[in-house]
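Below are the chains, spelled out letter by letter.
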Amino acid sequence: MKKIRYGIIGFGNFAERAIAPAIWESPNSELVAIQKRSLEAVKQKALLHKIPHAFDSVEKLAAHPDVDAVFIVSANSEHCRETLAAAQAGKHVLVEKPMAMNVRECEQMISACQKAGVLLMVGHMVRLSPVIVRMKEIVRSGQIGAVSAIKSEFVYNARISQRSWVYDQKIAGGGPLFDIGVHCLDTIRFLLDDEVVSVKSYLEPPPTSTRTESTVSVQLRFSRGTLATIFCSYAPPIRRSFIEVVGTEGVLSVINFTRSSVTIPLTILMKDTNEDGKQTVEEIVVPDLYVDEVTRFSDSILGNSNPAIPGRDGLENQRVLDEALRQAIISTKP
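Going along each chain's sequence as written, the residues are numbered from 1 onward. The predicted origin of the model limits local features to residues at a pLDDT of at least 70 and limits the giving and counting of side-chain atom pairs to 80 or more, whereas totals for whole chains, interfaces and linings rest on all residues. With hydrogens and water stripped out, all remaining heavy atoms of the structure feed into the side-chain values.

Caption draft 1: Broad picture of the nonpolar core. Here, nonpolar core means buried Ala, Val, Leu, Ile, Met, Phe, Trp, Tyr and Cys residues that are tied together by side-chain atoms lying within 4.5 Å of each other. Buried, partly exposed and exposed residues are distinguished by accessible area as a fraction of the type maximum, computed with a 1.4 Å probe on protein chains only: under 20%, between the cut-offs, and over 50%, respectively. Among the nonpolar cores identified, the biggest contains 108 residues, and Ile8, Met135, Leu220, Val245, Leu252 and Leu266 are the most heavily contacted of them. A run of H or I in DSSP counts as a helix once it spans at least four residues, and a run of E counts as a strand once it spans at least two, with each numbered from the N terminus. The element best represented in this core is helix α8 (residues 176-192), accounting for 10 residues. Two residues qualify as a contact provided that any one of their heavy atoms is within 4.5 Å of a heavy atom in the partner residue. Every residue in contact with valine 245, bar those within four places of it in the chain, is listed here: Met135, Val139, Ile144, Val147, Ala149, Ile150, Leu191, Gly250, Val251 and Leu252.

In structure tokens:
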């Protein structure tokens, strides 16, 4: 079986812990190269994991003939530059979320990949989860009636994060809004198959030119009238995510919907003769979503087909992020 040969750009803790194992476990993918800023450090990691090639330069990795595609796992501020370098070298690009720092960068990335004739996919792997796919099936079937609202939450303690730059506005682009709020946003867009037409945001403390926010509440209105609320924060001492879809005939809810390699209960509360409704629970097995996204992207490359999560989705998410951030900045001006 032909395999797509990957180079990981930004081989930090997350790449070593989640992305490299996903490529190793993918049946149609293999890891042949990694990149870090320190040549000595990247050579040590390559030796440890028996990876053939190690580079301290993005351009050198992208230019190597053994590399078919890159997985960009670097800081947000580098996503655009590294995508352009990979596209110029003729390599397909799978880039971590958020896609970029702003809409302009997203558009540059899409244009560069189109011009080079390479595929571009964004790492919103949560929408690939079987529990989210099942929720979408129920919504589409009309079982819970017309969807009037969705609320989603994602919080974790960023104070213990190994990514020292998460609070740095110039590197991260945004705090929990960009980091984890974008998972909520992408999942809601996927479930509704609709686009946002109105955004209202509250960011605390208000971001500055150097420091991100730590807590965010965003209110959205979609083109078909559905209202949505996203709450995300770096402040709580726990990690938790939640999503709830409210329809005229029923309600769907899932706790920890962002997790993978677990069994997740999907709670379905349907209209009944009493106002408390009738509840059923579906236990849904969720595989390693990083393996799934790599495998699907490799399938797209091998079959010359559109990726599961194209750059256009990253762009639409970024439009909402930019607007939410713009409102917060304007509200702090004297």
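Caption draft 2: The pattern of salt bridges, seen in detail. Salt bridge criterion: a side-chain nitrogen from Lys or Arg within 4 Å of a carboxyl oxygen from Asp or Glu. Within the structure shown, the criterion is met by 23 salt bridges. Arginine 224 is paired through a salt bridge with aspartate 194; the nearest N and O atoms lie 3.9 Å apart. Of the two residues, arginine 224 sits in the loop between β9 (215-222) and β10 (227-233) while aspartate 194 sits in the loop between α8 and β8 (196-204), which places them 30 residues apart along the sequence. Its relative accessible area of 59% is what places arginine 224 among the exposed residues. Exposure remark for aspartate 194: the relative accessible area of 7% places this residue in the buried category. For lysine 271, the salt bridge is made with glutamate 249, and the minimal N-O distance between the two is 3.9 Å. Taken together, the positions of lysine 271 in the loop between β13 (262-270) and β14 (278-286) and glutamate 249 in the loop between β11 (240-247) and β12 (250-255) put the pair 22 residues apart, joining distant regions of the chain. Classification of glutamate 249 as partly exposed rests on a relative accessible area of 33%. By sharing partners, the salt bridges in this structure join Arg127, Asp186, Arg189, Glu195 and Asp313 into a single network.

Caption draft 3: Layout of empty space enclosed by the protein. Method remark: on a 1 Å grid restricted to protein atoms, a set of points is classed as a cavity if a 1.4 Å probe fits but cannot get out and as a pocket if it is open with protein on both sides within 12 Å along at least five of seven lines; lining residues have an atom within 4 Å of a point. Grid points are joined across faces, edges and corners, and a volume is the space filled by probe spheres set on the points. Throughout the structure, instances matching the rule amount to two cavities of 30 Å³ or more. Taken as a whole, the largest cavity spans an internal volume of roughly 40 Å³. As for the largest cavity, its lining consists of Leu177, Gly181, Leu185, Val218, Leu220, Ile230, Val320 and Leu321. Going through the elements one at a time, α8, β9 and α10 (311-331) are the ones with two or more residues in the lining of the largest cavity. Considering each element in turn, the lining of the largest cavity owes the most residues, three residues, to α8. Among the residues making up the lining of the largest cavity, the classes are represented as seven nonpolar, one polar and no charged. Put simply, the second largest cavity is a space of about 30 Å³. In the scheme used here, Gly and all other residues not listed as nonpolar or charged are polar, with Ala, Val, Leu, Ile, Met, Phe, Trp, Tyr, Cys and Pro taken as nonpolar and Asp, Glu, Lys and Arg as charged.

Caption draft 4: Quick look at the sheet that holds β8. Here, a strand pair is defined by DSSP locating no fewer than two bridges between the strands. Read across the open sheet, the eight strands follow the order β8-β9-β10-β7-β11-β12-β13-β14; overall the sheet is mixed. Every other strand in the sheet has two partners, leaving β8 and β14 as the edge strands with one partner each. Averaged over all adjacent pairs, the angle separating strand axes in this sheet is 10°, with direction ignored. Sheet topology note: the β11/β12 ladder contains five bridges and is antiparallel. When the sheet's bridge partners are listed, phenylalanine 242 is paired in β12 with isoleucine 255. All axes here are fitted lines through C-alpha atoms, helices being fitted over the stretch that makes contact, and every angle between N-to-C directions spans 0 to 180 degrees. Packing against the sheet, helix α6 (residues 130-141) makes contact with β7 (147-155), β11, β12, β13 and β14, and its axis sits at approximately 140° to β14.

Caption draft 5: Spatial organisation of the layout of surface pockets. If you add up the space inside the largest pocket, you get close to 1,500 Å³. Surrounding the largest pocket, 49 residues form its lining, Phe14, Ala15, Val73, Arg163 and Trp165 being those nearest its centre. Elements represented by at least two residues in the lining of the largest pocket include exactly α1 (13-25), α4 (79-88) and α8. Among the elements that make up the lining of the largest pocket, the one with the highest residue count is α1 (six residues). Here the residues of the lining of the largest pocket are counted per class, giving 19 nonpolar, 17 polar and 13 charged. Taken as a whole, the second largest pocket spans an internal volume of roughly 210 Å³. Lining the second largest pocket, in full, are Ile110, Cys113, Gln114, Val118, Leu119, Leu120, Asn306, Pro307, Pro310, Gly311 and Arg312. When residues of the lining of the second largest pocket are traced back to their parent elements, those giving at least two are α5 (103-116) and α10. The leading source of residues in the lining of the second largest pocket is α5, at three residues.

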